Amino acid sequence: MGAPAKSAGGLPAVVSSLNHVFRQAGVVRGTKGMLKLNQKNGFDCPSCAWPDPEDHRGVAEFCENGAKALASEATLRRADRDFFAKHPITELAAHDDYWLEQQGRLVEPMLLEHGATHYRPVSWDDAFCIIADELNQCATPDEGIFYTSGRASNEAAFLYQLFVRQFGTNNLPDCSNMCHESSGCALKASVGVGKGTVTLKDFDAAETIFVIGQNPGTNHPRMLSALQGAVRNGASVIAVNPLKEAGLLAFKHPQEAGGMLGLATRLSSQYLQVRINGDMALFRGIAKALLEMQNERPGTVFDGAFLHDHTHDAAAYLTLVRETPWTRIETLSGITRAAIQQAAQQAAGGAKRVISCWAMGLTQHRNAVATIQEVAHVHLLLGAIGREGAGLCPVRGHSNVQGDRTMGIFERMPDSFLDKLESVFGFTAPRHQGYDTVMSIKAMHDGKGRVFIGLGGNFLSATPDTEFTAAALRRCVLTAHVSTKLNRSHLVTGRRALILPCLGRSEVDLRNGVEQFVTVEDSMSVVHMSRGALRPASDDLLSETAIVAGIAAATLSTRSTAPWLEMSSNYDLIRDKIEAVIPGFESFNQRVRTPGGFRLPNAAGQRRFETPNGKACFTPNPLSIAEPAAGQLILQTLRSHDQFNTTIYGLDDRYRGIGNERRIVFLNPEDMKQRGIRPLAPVNITSHWHGETRHANQFLAIPYDVPAGCAAAYFPETNVLVPIDSVAEQSNTPTSKAVMVTIVPA
Ligand SMILES: Nc1nc2c(c(=O)[nH]1)N[C@H]1C(S)=C(S)[C@@H](COP(=O)(O)OP(=O)(O)OC[C@H]3O[C@@H](n4cnc5c(=O)[nH]c(N)nc54)[C@H](O)[C@@H]3O)O[C@H]1N2
Ligand SMILES: Nc1nc2c(c(=O)[nH]1)N[C@H]1C(S)=C(S)[C@@H](COP(=O)(O)OP(=O)(O)OC[C@H]3O[C@@H](n4cnc5c(=O)[nH]c(N)nc54)[C@H](O)[C@@H]3O)O[C@H]1N2
Ligand SMILES: [Mo]
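Quick caveat: nothing in here was measured; it's all calculated off a predicted structure.

Chemist: So what exactly am I meant to see when it comes to unusual backbone geometry here?
Modeler: Peptide bonds are, in most cases, trans, and in most cases residues other than glycine have a negative phi. Here Phe 715 and Pro 716 are connected by a cis peptide whose omega angle stands at 5°. Tracing the backbone through its elements, the reader meets Pro 716 in the loop between strand E30 (710-714) and strand E31 (739-745). Here the phi dihedral of Ser 525 falls at roughly 70°; this positive angle occurs in a residue that is not glycine. Examined against the element boundaries, Ser 525 turns out to sit in the loop between strand E20 (518-521) and strand E21 (526-530).

What follows is the structure, given as structure tokens:
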């Protein structure tokens, strides 16, 4: 335990990058990989979804955590058949996630038979037949559950949803259900499109940038370059976060001489250390301050013309704002009226070019949708949307999570999409709503979901309520995972289990001797190609696309007329079908071959609001907050600097001053004193939900600068504490940032 850092980046980030890459992949393979990472002729970084600059790409157009992701994939270590013969499942399950990650790449399909102690090799054909048999024995297609993690390419995702719908269900849960689903729900209702409205260029023109509930220094490090550029152009960054995150304080650009020498650019000009889940109150407060300024100086604050021409229900919302007392806003947010007014003045100054960025600190709360709409309201009042330097920017997590949704990975795609899919492929698509992630877990728990297939991801560890989810997966007749690395979902299985190892993004994808590429969509709707450059980890790997096509052909057989094997041998054919089904993909094969790709149309970004009434809508939601009961704390579960979701690269959290330990909990020093907890003392954590309790024991207490009553600990270790029924209204996203807990000395 050391002092938290006051800036991010600099020489330590470079040293850490090279360390990870060279240690795992060696100098030759590692260097080759790094030179292709995020280049126009290379592959898309498998880490986050932050966009690449259109021009001026550096030789090293990636960050420390992109380098770690590459190292993890390009590693020379292998979990091969000898490995599985040596280690029984019970022994593997006793190891921690970091150990599992260190065992290297999966190299051939493996089967765990009913009652077997070890995985054994199986041929691809046999693996596809096993899946086909189990799926075809389901009493109804709705017993199949088809999960997607956001790393899957557009091509794989499109084939996957087509297969699932031809099989007869919309059970397409995805990682987005646990991630930005709340953003999608909120923005669809408010501005008609569930995606962000800005481009990277808007950051150059912005005057005010809110960064809310997001830790870009760790999770989107290349965003710091964009923030640095904006600050140099005169923008003010306002951070909203219960923790003082190093990456929001200052940035040392590792690719600038000054940054390497340790010269930092200060990023945030105001740091609003909000209470956990106090954001709705905070943004209600900003709206109230704007309203008061507007009353004092009529016509200078709100964008009257925009409100009149483009919005609906502003009056009802402003009444609600007027009626919300300042004392309530201050109490719930934990921020003073003066500080809120200062932020409002900044936003309302100049040309009102305001961008709001956010991530999991907003989305994983019971009132997440209402909170995000409260942020949108501030933009609507100022007309700060659909013009240069202004707009809404949900910062996506997984590198292609947005693209997967565009491709139809969603349990309730609109009829317009299903109509098109039916006419292009000549079948009748199911129209009833499928299961999202939480619904899937419950269905498996109830015995209604019986075959689980995961296209990437680590369902067991990523989902809430680990014990409950484990019991759910164990009830399945088959669990099958398309994966690159060993993870816990391979160890807590249905009656039978399959591991289907696939190529990673960094690897050359040869089909019938012809090199293929895939496409992805970044957080700002830019679709571009990704072409692997490294030799595959094993000759037995198949691409995700080929695996999906293999499963589909085996399962559907003569029931489907789609040319599965042709499509999976030539991805251009898949792209032609995507073009035929999804608007915005005109001349897909041609346009995606231009360096840098193309941007999908975004109506809200053009001030066309595709809501039922054609207007951007104010939603007068009652103000709320997650309030812990007496003696309880509110615990958020977050990422350390050395992990990608459930993949644990290392045991440090450098910026927060933590070394060599993940079972820790950050606490307010006063809260520790009241509970008789000393620094680094072991504690037990219990979560409380409608009379139920869940336990996570033996964590070390870390005194930290967090608001009183708030605590933080790492995901996935604390997922055991997140109750399956504790979800966000409308989006059904688990409330991983607001778990009510008691903490006592162990
Ligand atoms: N290196 C790396 N990169 C990643 C990932 C990774 O695991 N590792 N994951 C990827 C994925 S899938 C995603 S979704 C993104 C996640 O990116 P983030 O959303 O940045 O990830 P978290 O660690 O969950 O951080 C949440 C932040 O919100 C703050 N927070 C928590 N509760 C509240 C609240 O109530 N209000 C406010 N204002 N703030 C709050 C926390 O203090 C923390 O700074 O990153 C992506 N990129
Ligand atoms: N408590 C808590 N829970 C959370 C969150 C939180 O903040 N707190 N965050 C949530 C969020 S935002 C998300 S997005 C989810 C993430 O949930 P998931 O996407 O399900 O989880 P990951 O850890 O990203 O998946 C890692 C696995 O993906 C496989 N993999 C890696 N690369 C590839 C590839 O190229 N292809 C294929 N097929 N497989 C690959 C590897 O086998 C690896 O073990 O977790 C959610 N869970
Ligand atoms: Mo995510």
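Chemist: I keep staring at the pattern of salt bridges and nothing clicks. Help me out?
Modeler: Side chains that differ in charge, positive against negative, can pair when their charged atoms come close. Summed over the entire model, instances satisfying the criterion amount to 44 salt bridges. Where Arg 222 meets Glu 61, a salt bridge forms, and the shortest distance between an N and an O atom there is 3.9 Å. Highlighted residues: Arg 222 in helix H12 (residues 221-232) and Glu 61 in the loop between helix H2 (27-36) and helix H3 (64-74), separated in sequence by 161 residues. Residue class for Arg 222 comes out buried when judged on its relative accessible area of 12%. On the basis of relative accessible area, Glu 61 is assigned to the buried category, the value being 11%. The residue Glu 521 makes a salt bridge to Lys 195 at a minimum N-O spacing of 2.8 Å.

Chemist: Sorry, what's going on with the site of ligand 2 here?
Modeler: Neighbouring residues of ligand 2: 30 residues in total, closest Tyr 147, Ser 149, Ala 462, Glu 544 and Thr 646. Interatomic distance of 3.2 Å between a backbone N/O atom of Gly 457 and an oxygen atom of ligand 2. One of the side-chain nitrogen or oxygen atoms of Asn 719 is found 2.8 Å away from a nitrogen atom of ligand 2. Considered on its own, ligand 2 offers 930 Å² of accessible surface; in the complex 97% of this is hidden by protein. Taken together, domain 1 (78-179 + 400-593) and domain 3 (633-745) each give at least three residues to the shell around ligand 2, which thus spans both.

Chemist: When you look at the packing of aromatic side chains in this model, what are you seeing that I'm missing?
Modeler: For any two aromatic rings, the description comes down to two numbers: the centre-to-centre distance and the angle of the planes. This structure, assessed with the given rule, holds 21 aromatic pairs. Arranged with centres 6.2 Å apart and planes meeting at 45°, the rings of Phe 158 and Phe 425 form a pair that is tilted. Of this pair, Phe 158 sits in helix H8 (residues 154-167) while Phe 425 sits in helix H23 (residues 415-425); the two residues are 267 residues apart in sequence, bridging distant segments of the chain. The residues Phe 158 and Phe 425 share a single accessibility class, namely buried. Ring geometry for Phe 585 versus Phe 588: centroids 4.8 Å apart, planes at 65°, classification edge-to-face.

Chemist: Where do I start with the site of ligand 1 in this structure?
Modeler: In the neighbourhood of ligand 1, 31 residues make up the surrounding shell, with Glu 245, Asn 277, Asp 279, Gln 643 and Asn 645 lying closest. Gln 643 has a polar backbone atom sitting 2.7 Å from a nitrogen atom of ligand 1. The contact in question runs from an oxygen atom of ligand 1 to an N or O atom on the side chain of Lys 737, over 2.8 Å. Summarising the interface, the protein chains cover 99% of the accessible area of ligand 1, which totals 910 Å² for the free molecule. Listing elements by their share of the shell around ligand 1, those giving two or more residues are helix H11 (216-219), helix H20 (360-363), strand E24 (633-638) and strand E25 (643-644).

Chemist: Is there a simple way to explain helix H1 (residues 11-25) in this structure?
Modeler: The periodicity of an α-helix, 3.6 residues per turn, causes residues three or four positions apart to be oriented the same way. Counted at 1.5 Å a residue, the expected span for H1 with its 15 residues is 21 Å, and the 21 Å between its end C-alpha atoms agrees. For H1, the full list of buried residues reads Ala 13, Ser 16, Ser 17, His 20, Val 21, Gln 24 and Ala 25. Along the long axis of H1, the arc covered by the buried residues comes to 120°, so they all point the same way. Buried residues belonging to H1 abut strand E1 (8-9), H2, H3 and helix H6 (97-102). Looking one or two places after H1, you find Gly 26, whose phi comes out positive at around 80°.

Chemist: Even after reading the chapter, I still don't get the packing of H8 against helix H29 (residues 571-581), so can you show me in this structure?
Modeler: Following both chains from N to C, one finds H8 and H29 inclined at 65°, their axes separated by 10 Å at the closest point. With respect to each other, H8 and H29 are oriented roughly perpendicular. Like other packed secondary-structure pairs, H8 and H29 cross with a definite hand, here left-handed. Where H8 abuts H29, its residues Asn 154, Glu 155, Phe 158 and Leu 159 lie against Tyr 571, Ile 574, Arg 575, Lys 577, Ile 578 and Val 581. Here the residues of the contact of H8 with H29 sort into six nonpolar, one polar and three charged.

Chemist: Sorry, what's going on with the nonpolar core here?
Modeler: Most often, soluble globular proteins have nonpolar side chains that are buried together. Among the nonpolar cores identified, the biggest contains 65 residues, and Phe 163, Leu 498, Leu 500 and Trp 564 are the most heavily contacted of them. For this core, the leading source of residues is H8, giving eight residues. When neighbours within four sequence positions are excluded, Trp 564 is seen to be in contact with Leu 159, Leu 162, Phe 163, Gln 166, Ala 549, Ala 552, Ala 553 and Leu 556. The next biggest cluster of nonpolar side chains, apart from the first, holds 55 residues, and it includes Leu 290, Phe 302, Val 375 and Val 378.

Chemist: Would you mind going over the pairing of strand E13 (residues 354-358) with me for this structure?
Modeler: Along any regular strand, the residues point their side chains to alternate faces of the sheet. With respect to burial, E13 is a largely interior element, five of its five residues being buried. Across five bridges, the pairing between strand E7 (residues 208-212) and E13 is parallel. For Thr 208, the partnering residue across the bridge sits in E13 and is Val 354. Sheet topology places E13 next to strand E14 (residues 391-394); four bridges connect them, and they run parallel. Counted as the bridge partner of Ile 355 is Gly 391 from E14.

Procedures and definitions
- Residues numbered from 1 in each chain as written.
- Chains lettered and ligands numbered in written order.
- Predicted model: local features only at pLDDT ≥ 70, side-chain atom pairs only at ≥ 80, totals over all residues.
- Heavy atoms only, no water.
- Helix = DSSP H or I, 4+ residues; strand = E, 2+ residues; numbered from the N terminus.
- Salt bridge = Lys/Arg side-chain N within 4 Å of Asp/Glu carboxyl O.
- Buried < 20%, exposed > 50% of the residue type's maximum accessible area, 1.4 Å probe, protein only.
- Near = heavy atom within 4 Å.
- Polar contact = N/O pair within 3.5 Å; in protein donor to acceptor, adjacent residues only side chain to side chain.
- Areas by Shrake-Rupley, 256 points an atom, 1.4 Å probe, with all protein chains shown as cover.
- Domains from an automatic or database assignment.
- Phe/Tyr/Trp six-rings, centres within 6.5 Å; stacked < 30°, edge-to-face > 60°.
- Expected span 1.5 Å × (residues − 1).
- Arc of directions from axis to C-beta.
- Contact = heavy atoms within 4.5 Å.
- Axes fitted to C-alpha atoms, helices over the stretch in contact; angles between N-to-C directions.
- Parallel < 35°, antiparallel > 145°, perpendicular 65-115°, else oblique.
- Left-handed = near helix turned anticlockwise from the far one by under 90°.
- Nonpolar A, V, L, I, M, F, W, Y, C, P; charged D, E, K, R; others polar.
- Core = buried A, V, L, I, M, F, W, Y, C linked by side-chain atoms within 4.5 Å.
- Pairing = 2+ DSSP bridges.

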